[in-house]
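Coordinate analysis (summary)
Take a look at the letters that make up each chain.
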Amino acid sequence: MGFVEPKNSLVDLWLNRAESLTEHGWSEQHRLNAQARLQSMGLPNRRDEYWKYTRPDRLIESTVPSAVTLSSEDQSLFSNFEQIKIVFIDGVFSPEMSDNLEGQDVSIELLSQTKAKDGHWASDMYGQLEATGQSPVARPLATLNTALAEEGVLVHAKGATLKPVHLVYLRQNESSDVMLHHVVKVDSGASLSLLESGPAGARSNFVLETDIGAAGSFRHVRIQGRDHQRLAATHHFARLHQESIFKSFTLTANGALTRNECVIELLGDDGIAHVAGACVGDGDFVHDDTVFVTHDAVGCESRQVFKKVLRNGATGVFQGKILVKQDAQKTDGYQISQSLLLDEDSQFLAKPELEIYADDVACSHGSTSGAVDEDALFYLRSRGVPKAMATDMLTLSFLAEAVNEIDDDQLIECVVEWLEGWLARRRT
Amino acid sequence: MLEIKNLHVSLEEEDKQILKGVDLRVEAGKVHAIMGPNGSGKSTLSYVLSGKAGYQVTGGSATLLGQEILDLEPEERAAAGLFLAFQYPVEIPGVGNMTFLRTALNAQRKMRGEEEMSAADFLRIVREKAKSLKIDADMLKRPVNVGFSGGEKKRNEILQMALLEPKMCILDETDSGLDVDAMKLVSRGVNALRDDTRGFLVITHYQRLLDHIKPDVVHIMADGRIVKTGGPELALEVETNGYSDILAEVA
Ligand SMILES: Nc1ncnc2c1ncn2[C@@H]1O[C@H](COP(=O)(O)OP(=O)(O)O)[C@@H](O)[C@H]1O
Ligand SMILES: [Mg+2]
């Protein structure tokens, strides 16, 4: 429906929601700017170059189709870890279920609770990385989020933080339309781990802006699951400075439509950015990873590792780009995207891109799509492993390269166990 | 133990017959060897017996301990006691060798209605068997066959065989790619499993493996059939004269 209407009317419909909003203090100007930017760029449509494979309609329609909520075990995900837990139910902060945000070794505030204040460190970031990330490729859903999001966390790590911050997204409402905007600042030499888990909303639009100071490190593990009909668009904008480290991994299971965009800028020499994803989809499932890594400094390393397991007509999309600017010598860029198609109805659409203006760089990319390796399957079965179990073993082994990008064995174990559960529920 | 009668096999994809009436009977406690020129159908026979896809049985039968096996799934044949040591063992990245061995062993036990082996027992037994094949802890930890040398892969096949304790062992060119020391290790592993209850079918090109694993019966396969059967001396004849005399004689 979005594409037959003049595109601004849908934008207006969305932005009308903002009109009733009062005082936003330090973020008000950023919101107004975002509204103006959105007016001029319009919402995504099928003719946009980066929306060719994934139809944006369901993400931008003004009404949300309801999605059945699964009462699942996912609430206990990562529960074995010491953590600072922050719980949102249908996008609304739950103080009862969350840990005390005071007195932690990292500063954590809620966007909604700082909005009346004038001046805030997050003012230098909120909507700023998002705005920068609009060029050269427009990402209107993120701009929409900047304009409208009423909640999110503002996290400031000033030193080494021991416990990970865990954002838990629960759902109760069948048709919740959730928007959260998080801002994370890791100071020079500081470190932070961020975990995210849960299905969030019938539809969710999340933005995460992360700035990592010189020699700072940021680790991020996200599990999007397990409700079936939900829709999600996420944008992660990250800015790295000298010698900083960024490692992000996302696991997605189920969901009718998920678009995860990751936009990384390496601005300081010798930075390291790894972004990885594993997804498993069965049936009514479209999963899109759209990644843009810009090397704008010397001697940086970037890795993109994405693996998709698709069955019963599921669709996987990967659009990944490495842009190496002229002065970004000694760049080491790597990108791999692979799909395992468990039947002939499923499909994988990949668009790997390299754009290189420096001459002393090592960049490689590859993309493959294939079925379960018949020889490996036969080998396992000939040793007595039943077909379904052997297929699961090979599926896990296919995903392993992406999962192993997480640099914490305990977290890897946690993710693998979760995947085993997903596979086991589908064993015939 | 294993009884193959008039087995005819063609390829599923194309109209090509590969096995043209194989008759073979391996008794418990015996070692049979199959020799024959390249392309005569030896590997095909081993694959068809263990249930690999892509082949069509167009006639004949094969029974293991009296049970018809050609209709069974590969894993059911394994649980029934059949084992194939592959000519080309498959690399499986991302699956640890130890996990693989334990999953296979317990899956077979489960199918046979036996109890799973405890982690402690498993560990003890694997370590003991691995040691006699000079398979170190690192090889057990690594993904199945990934980065293994040719010899290491073959030793890993024998380790699986030793652990799974099958009734009927088929070895397809286990000697290829082995140096003398590895050949001795592998042969020792095979000989350790020889007893009155177990049958062996050893496919090889060379007499030298049969110096270590002494066969009771030797068959010559050519163009999809067993064309000659004899005692160990038949292998020596092949070693000195090649196949041409034998093939001319039966033509
Ligand atoms: N999957 C297959 N596709 C095509 N040809 C095959 C296949 N398997 C076997 N063959 C053919 O069948 C014949 C026998 O092969 P094989 O059983 O490997 O012989 P051997 O092990 O005795 O060398 C050869 O001509 C080979 O090319
Ligand atoms: Mg062969």
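Here the structure is a predicted model, which is why all the values come from computation and not from measurement. (Residues numbered from 1 in each chain as written. Chains lettered and ligands numbered in written order. Predicted model: local features only at pLDDT ≥ 70, side-chain atom pairs only at ≥ 80, totals over all residues. Heavy atoms only, no water.)

**Describing the overall build of chain B**
- Secondary structure assignment for chain B yields ten helices and twelve strands.
- Computed over C-alpha atoms, the radius of gyration of chain B comes to 18 Å, within 12% of the 18 Å expected from 2.2 N^0.38 for 251 residues, which places it in the range of a compact globule.
- Referenced to the eigenvectors of the C-alpha coordinate spread, the extents of chain B come out at roughly 55 × 40 × 35 Å.
- Here chain B holds 251 residues, and the buried ones make up 54% of them.
- The long-range share in chain B, meaning contacts at least 24 apart out of those at least 6 apart in sequence, stands at 68%.
- Accessible surface, chain B as shown: approximately 11,000 Å² in total, 47% of it carbon and sulfur.
- In chain B, 31 positive and 38 negative side-chain charges are present, and the distance between their average locations comes to 6 Å. (Helix = DSSP H or I, 4+ residues; strand = E, 2+ residues; numbered from the N terminus. Rg over C-alpha atoms; globule rule 2.2 N^0.38 Å. Buried < 20%, exposed > 50% of the residue type's maximum accessible area, 1.4 Å probe, protein only. Contact = heavy atoms within 4.5 Å. Areas by Shrake-Rupley, 256 points an atom, 1.4 Å probe, with all protein chains shown as cover. Lys, Arg positive; Asp, Glu negative; His and termini not counted. Charge placed at Lys NZ, Arg CZ, Asp CG, Glu CD.)

**Regarding the overall build of chain A**
- Along the backbone of chain A there are nine helices and 19 strands.
- Here chain A has a C-alpha radius of gyration of 21 Å; the compact-globule value for 428 residues is 22 Å, and the two agree.
- Projecting the C-alpha coordinates of chain A onto the three principal axes gives extents of approximately 70 × 50 × 50 Å.
- In chain A, which comprises 428 residues, the share counted as buried stands at 61%.
- At a minimum sequence separation of 6, the contacts of chain A that also span at least 24 residues come to 84%.
- Taken as a whole, chain A presents about 16,000 Å² of accessible surface, with 47% of it coming from carbon and sulfur.
- Charge separation in chain A, taken as the distance between the mean sites of 39 positive and 62 negative side-chain charges, equals 4 Å.

**Considerations on the coordination of the magnesium ion (ligand 2)**
- Within the protein, Ser43(B) (OG) and Gln87(B) (OE1) serve as the donor atoms for the magnesium ion (ligand 2), at 2.1 to 2.5 Å. Within this pair, whereas Ser43(B) is found in helix α1 (residues 42–50), its partner Gln87(B) is found in the loop between β6 (82–85) and β7 (92–96), the two being separated by 44 residues in sequence. (Donors = N, O, S within 2.8 Å, 3.2 Å for Na, K, Ca; no water.)

**Quick look at the site of ligand 1**
All names here are of chain B.
- Around ligand 1 lies a shell formed by Leu11, Lys16, Ile18, Pro37, Asn38, Gly39, Ser40, Gly41, Lys42, Ser43, Thr44 and Tyr55.
- Lys42 is positioned with one of its side-chain polar atoms (N or O) 2.9 Å from an oxygen atom of ligand 1.
- Contact between ligand 1 and Ser43: an oxygen atom at 2.8 Å from a main-chain N or O atom of the residue.
- Its free accessible area being 550 Å², ligand 1 has 63% of it covered by the protein chains.
- For the shell around ligand 1, the element with the highest residue contribution is α1, accounting for three residues.
- Among the residues forming the shell around ligand 1, the class breakdown is four nonpolar, six polar and two charged. (Near = heavy atom within 4 Å. Polar contact = N/O pair within 3.5 Å; in protein donor to acceptor, adjacent residues only side chain to side chain. Nonpolar A, V, L, I, M, F, W, Y, C, P; charged D, E, K, R; others polar.)

**Points about unusual backbone geometry**
- With an omega dihedral of 5 degrees, the bond running from Ser135(A) to Pro136(A) counts as a cis peptide bond.
- If you check the backbone angles, Ala215(A) has positive phi at about 60 degrees while not being a glycine.
- On the basis of relative accessible area, Ala215(A) is assigned to the partly exposed category, the value being 44%.
- Backbone geometry at Leu65(B) places phi at a positive 50 degrees, although glycine is not the residue there.
- You can call Leu65(B) exposed: its relative accessible area is 53%.

**Side note on the confidence of the model for chain B**
- Looking at chain B as a whole, its pLDDT mean stands at 91, while 100% of the residues score no less than 70.
- Scoring the predicted complex yields pTM 0.90 and, for the interface, ipTM 0.95. (pLDDT = per-residue confidence, 0-100.)

**Observations regarding the packing of aromatic side chains**
- One pass over the full model with this rule turns up 13 aromatic pairs over all chains.
- Taking 6.1 Å as the distance between ring centres and 75 degrees as the angle between the ring planes, the aromatic pair formed by Phe78(A) and Phe81(A) counts as edge-to-face.
- By relative accessible area, which is 1% here, Phe78(A) ends up buried.
- Owing to a relative accessible area of 15%, Phe81(A) belongs among the buried residues under this scheme.
- A ring pair is formed by Phe378(A) and Phe86(B), whose centres lie 5.7 Å apart and whose planes are at 50 degrees; its orientation type is tilted. (Phe/Tyr/Trp six-rings, centres within 6.5 Å; stacked < 30°, edge-to-face > 60°.)

**Focus on the packing of helix α3 (residues 97–111) of chain B against helix α4 (residues 119–132) of chain B**
All names here are of chain B.
- As a packed pair, α3 and α4 sit with axes 11 Å apart at the nearest point and diverge in direction by 115 degrees. Helix-helix and strand crossings are classified by hand; for α3 and α4 the assignment is right-handed. Residues Met98, Leu101, Arg102 and Leu105 of α3 touch α4, and the partners they reach there are Ala119, Phe122, Leu123 and Val126.
- Taken together, the residues that form the contact of α3 with α4 break down as seven nonpolar, no polar and one charged. (Axes fitted to C-alpha atoms, helices over the stretch in contact; angles between N-to-C directions. Left-handed = near helix turned anticlockwise from the far one by under 90°.)

**Overview of the interface of chain A and chain B**
- The partner chain B presents 29 residues to the 17 residues of chain A that form the contact.
- When chain A packs against chain B, the two sides together hide about 1,800 Å² of surface, and 69% of this comes from carbon and sulfur.
- Taken together, chain A and chain B are joined by four salt bridges.
- For Arg383(A), the salt bridge is made with Glu157(B), and the minimal N-O distance between the two is 2.7 Å.
- There are eleven residue pairs in polar contact (both at pLDDT 80 or more) connecting chain A and chain B.
- Secondary structure elements with two or more residues in the side of chain A that touches chain B: α7 (374–382) and α8 (387–403) of chain A.
- Sort the elements by how many residues they give to the side of chain A that touches chain B and α7(A) lands first, with seven residues.
- Considering only residue class, the side of chain A that touches chain B consists of ten nonpolar, three polar and four charged. (Buried area = accessible area lost by both parts, 1.4 Å probe. Salt bridge = Lys/Arg side-chain N within 4 Å of Asp/Glu carboxyl O.)

**A short note on α7(A)**
Residue and element names in this part refer to chain A.
- In terms of burial, α7 is largely enclosed, as seven of its nine residues are buried.
- Taking the backbone nitrogen of Asp375 as reference, a side-chain oxygen 2.9 Å away marks Asp373 as the first, capping residue of α7.
- Just downstream of α7, Gly384 is the residue with a positive phi angle, here 105 degrees.

**Notes on the side chain of Asn205(A)**
Residues and elements named next belong to chain A.
- Tracing the sequence through the fold places Asn205 in strand β8 (residues 203–212).
- Residue classification places Asn205 among the buried residues on the basis of a relative accessible area of 8%.
- Apart from the residues within four sequence positions on either side, Asn205 is in contact with Leu141, Leu144, Asn145, Val178, Met179, Leu180 and Ala233.

**Quick word on a negative patch on the surface**
Residues and elements named next belong to chain A.
- Together, Asp409, Glu413, Glu417 and Glu420 make up a region of like negative charge exposed at the surface.
- Along the chain, Glu413 turns up in helix α9 (residues 409–425).
- When its relative accessible area of 56% is taken as the criterion, Glu413 is described as exposed. (Patch = residues over 30% accessible without salt bridge, like charges linked within 9 Å, V, L, I, M, F, W, Y side chains within 5 Å.)

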